[in-house]
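# Structure assessment
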Amino acid sequence: MNNAARVMDTPDERGRFGNFGGRFVPEALVPACLELESAFREAWADEEFVEEFQSVLRQFGGRPTPITPLRRLSKQLGLNIFAKREDLAHTGSHKINNVVGQTLLTKRMGKTRVIAETGAGQHGVATATAAARLGLSCTVFMGEVDTVRQELNVFRMELLGARVVSVTSGSKTLKDAVNEAMREWVTCVSDTHYCLGSVMGPHPFPWMVREFQSVIGNEAARQMRELAVGVPDFVVACVGGGSNAAGIFAGFADSSARLVGVEAAGGAAVRSGSPGVLHGMRSLLLQDEFGQIEEAHSISAGLDYPGIGPEHAHLAEVGRAEYYAIGDEDVIGALKLLSESEGIIPALETAHAIAWIAREAGGLLPKDATVLVNLSGRGDKDVAQVRAMLSPS
Ligand SMILES: *Cc1c(COP(=O)(O)O)cnc(C)c1O
């Protein structure tokens, strides 16, 4: 290591990563954000807290997750591909890392209740899971449209003891669920923590969530050394809000690896967005000429967000990470490709990263390049949707 400043460092005192981030919240929420910031800062510097976080992830969360060399796919594409298996974490994705961290912090702050937003339901289910484990009461805000599309996840959350509130404002989807959760938080900060699901929102959330998810990248860097592969040429991850990407990038930010984020073409905030403020942060957003937020559209609900975490906007601006978009039409093929070549059915979100690797093999990815891909989640949740798309009646 040299003495240069770390690439993915702590944001400045205003919570900014370069020109992005910050804390754009109503005055009533400022004390809650400040309380959270100092609680997280203290906890993260406390060895006992960090040990407890790691121990819950080991005993309950399914960590460490393995790295699988994708030999057949590598041969087919002329690459050397390794997969970090977050699909094998408890509840089927990387989301458990963040919610374990935030629920432990909730207890440390002496609070008894968590609230969360959810789109497809994955973050809601993970939050309800961690809340049950730690004995916290849990309320999840979900757009009405999503409660209908994802009724099985509503039932899962209820099985886990959570209450699901259907949000009927705006477009009745994820963006509105975030608004509603923030509105609720203002009224009950004394006993309630808002467990945000990605590296977005006001400071300290983007930083805190990245730190909790950095367990992915730190583990992967160690495992790649143990496999005698070392630093890969490319680290690739799909990007919705950007938490699984930030988590794996964190382990390689100071290395020579090229970092690649893959957005859904219908939610490509870096490729098609412009700077603006949403959900308490300044970042790149899909918006019209009047600053009205545009709806994101993707076959994968987890990438259906009209913005991106502020640290990604910064990494894109300074050129440390690159972002590309994959259209819906390439996603099912990639899901089948990984399923048939490796025996792993990925989530539709994750399939975007696979689709990019397949598309760029021999293009941006030179022959025999070493590629580490973050398999953010498993595809069980998506099989009914995939079946309907493959055999439309
Ligand atoms: C939620 C989710 C994503 C998108 O969220 P990020 O914060 O961008 O990681 C990606 N993959 C899976 C499997 C998810 O559940």
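Everything numeric in this text was worked out from a predicted model, so none of it was measured. For every chain, the first residue of the written sequence is number 1, and numbering continues from 1 onward in sequence order. For a predicted model such as this one, the threshold for reporting local features is a pLDDT of at least 70, and the threshold for listing and counting side-chain atom pairs is 80 or more; totals across whole chains, interfaces and linings nevertheless cover every residue. Side-chain measures were taken over the full set of non-hydrogen atoms in the model, leaving aside hydrogen atoms and water.

### Digging into the overall build of the protein
Only DSSP runs of H or I reaching four residues or more are called helices, and only runs of E reaching two or more are called strands; each is numbered from the N terminus. From N to C terminus, the protein includes 15 helices and 14 strands. Here the radius of gyration uses the C-alpha set of atoms, whereas the globule reference equals 2.2 Å times the residue count to the power 0.38. Over its C-alpha trace the protein gives a radius of gyration of 19 Å, about what one expects of a compact globule, namely 21 Å for 393 residues. Counting only C-alpha atoms and orienting by the principal axes, one finds that the protein spans roughly 60 × 55 × 45 Å. Each residue is placed in one exposure class: buried if its accessible area under a 1.4 Å probe, protein chains only, is under 20% of its type's maximum, exposed if it is over 50%, and partly exposed if it falls in between. When burial is assessed residue by residue, the protein has 59% of its 393 residues classed as buried. At a minimum sequence separation of 6, the contacts of the protein that also span at least 24 residues come to 74%. A total of about 15700 Å² of accessible surface is found on the protein, and carbon and sulfur atoms cover 49% of it. Contact between two residues is taken to exist if any of their heavy atoms lie within 4.5 Å; hydrogens are not considered. Each accessible area is a Shrake-Rupley estimate made with a 1.4 Å probe; only the visible protein chains count as cover when residues are assessed.

### As for the packing of aromatic side chains
Pairing of aromatic rings covers Phe, Tyr and Trp, the last counted by its six-membered ring, and requires centre-to-centre distances within 6.5 Å; plane angles under 30 degrees mean stacked, over 60 mean edge-to-face, and any other angle means tilted. Following the criterion strictly, the structure yields ten aromatic pairs and no others. Where W44 meets F53, the ring centres are 5.6 Å apart and the plane angle is 70°; that geometry is what we call edge-to-face. Between W185 and Y194, the ring centres sit 5.9 Å apart and the planes meet at 65°, which makes this aromatic pair edge-to-face. Across the pair, Y194 and W185 agree in class, each one buried. One aromatic cluster is present, built from ring pairs that chain together F40, W44, F53, W207 and F212.

### Examining the site of the ligand
Here a residue is near a molecule or strand as soon as one of its heavy atoms is found within 4 Å of it. If you check the shell around the ligand, you find 17 residues, and the closest are K95, S198, G240, G242 and S243. Between an oxygen atom of the ligand and a side-chain N or O atom of H94, the distance comes to 3.0 Å. Side-chain atoms alone can form a polar contact between residues adjacent in sequence; in general such a contact is a pair of N or O atoms within 3.5 Å, and within protein one must be able to donate a hydrogen while the other accepts it. At 2.8 Å from an oxygen atom of the ligand is found a side-chain nitrogen or oxygen belonging to N244. Contact with the protein chains removes 96% of the 380 Å² of surface that the ligand exposes when unbound. If you list the elements that add at least two residues to the shell around the ligand, you get β9 (234-239) and α10 (243-249). Three residue categories are used. Nonpolar comprises Ala, Val, Leu, Ile, Met, Phe, Trp, Tyr, Cys and Pro, charged comprises Asp, Glu, Lys and Arg, and polar comprises the others, including Gly. Split into classes, the residues belonging to the shell around the ligand amount to three nonpolar, twelve polar and two charged. Residue ranges for the domains originate in an automatic or database domain assignment. The residues that make up the shell around the ligand include at least three from each of domain 1 (4-56 + 95-205) and domain 2 (62-93 + 214-390).

### Regarding the environment of E117
On the secondary structure map, E117 appears in strand β5 (residues 113-118). According to the relative accessible area criterion, E117 is buried, its value standing at 5%. Between the C-alpha atoms of E117 and L390, which are 273 residues apart in sequence, the distance is 31 Å. Leaving out residues up to four positions away in the same chain, E117 has contacts with H123, F141, L174, A177, V178, Y194, C195, L196 and G197. Side chain to side chain, E117 and Y194 meet in a polar contact 2.9 Å long. Here G197 takes part through its backbone nitrogen, which lies 3.0 Å from a polar atom of the side chain of E117.

### Quick look at the sheet that holds strand β7 (residues 163-167)
Pairing between strands requires that DSSP locate at least two bridges from one strand to the other. Read across the sheet, four strands follow the order β7-β6-β5-β8 without closing on themselves; strand pairing throughout is parallel. Strand pairing shows two members of the sheet lacking a second neighbour, β7 and β8 (192-194), which therefore form its edges. The sheet shows a mean angle of 25° between the axes of neighbouring strands, direction not considered. Strand direction decides the pairing type here: β5 and strand β6 (residues 137-143), joined by six bridges, are parallel. Within β6, the position partnered with R113 by the bridge is S137. Lines are fitted to the C-alpha atoms to define the axes, a helix being fitted only along its stretch in contact, and any angle between axes, read from their N-to-C directions, falls within 0 to 180 degrees.

### Structural notes on the side chain of Q287
Within the secondary structure, Q287 is located in the loop between β12 (281-285) and α12 (310-318). We classify Q287 as buried; its relative accessible area is 18%. Of note is the side chain of Q287, whose polar atom sits 3.0 Å from the backbone oxygen of P275. Beyond its immediate sequence surroundings of up to four residues, Q287 is in contact with S274, P275, G276, Q292, I293 and E294.

### Description of the environment of A89
As for its placement among the helices and strands, A89 is situated in the loop between β4 (80-85) and α4 (95-108). A residue is classified by how much of its surface remains accessible, and A89, at 2% relative accessible area, is buried. Considering only alpha carbons, one finds A89 and R378, 289 residues apart in sequence, at a separation of 9.3 Å. Setting aside residues up to four positions removed in sequence, A89 forms contacts with G61, T65 and I96.

### Description of the pattern of salt bridges
Note on definitions: salt bridges are taken to be side-chain nitrogens of Lys or Arg within 4 Å of carboxyl oxygens of Asp or Glu. Under the criterion given, the structure shown has 23 salt bridges. Between K381 and E349 there is a salt bridge, with its nearest N and O atoms 2.8 Å apart. In this pair, K381 sits in the loop between β14 (370-375) and α15 (383-390) while E349 sits in helix α14 (residues 348-360), placing the two residues 32 residues apart along the sequence. Relative accessible area serves as the criterion here: at 33%, K381 is assigned to the partly exposed category. Judged by relative accessible area, E349 falls into the buried class, the value being 9%. The closest approach of N and O atoms between K381 and D382, which form a salt bridge, is 2.9 Å.

### Some thoughts on the domain arrangement of the protein
Domain parsing of the protein yields domain 1 (4-56 + 95-205) and domain 2 (62-93 + 214-390). Once you take the C-alpha centre of each, domain 1 and domain 2 turn out to be 22 Å apart. Facing 33 residues of domain 1, the contacting portion of domain 2 comprises 40 residues. Buried area: the sum, over both parts, of the accessible surface (1.4 Å probe) that disappears when the two are put together. Both faces combined, the contact of domain 1 with domain 2 buries some 3100 Å², and carbon together with sulfur accounts for 64% of it.

### Here's the deal with the side chain of H314
Looking at where H314 falls in the secondary structure, it is placed in helix α12. A relative accessible area of 17% places H314 in the buried class. In contact with H314, not counting residues within four places along its chain, are F17, G18 and F20.

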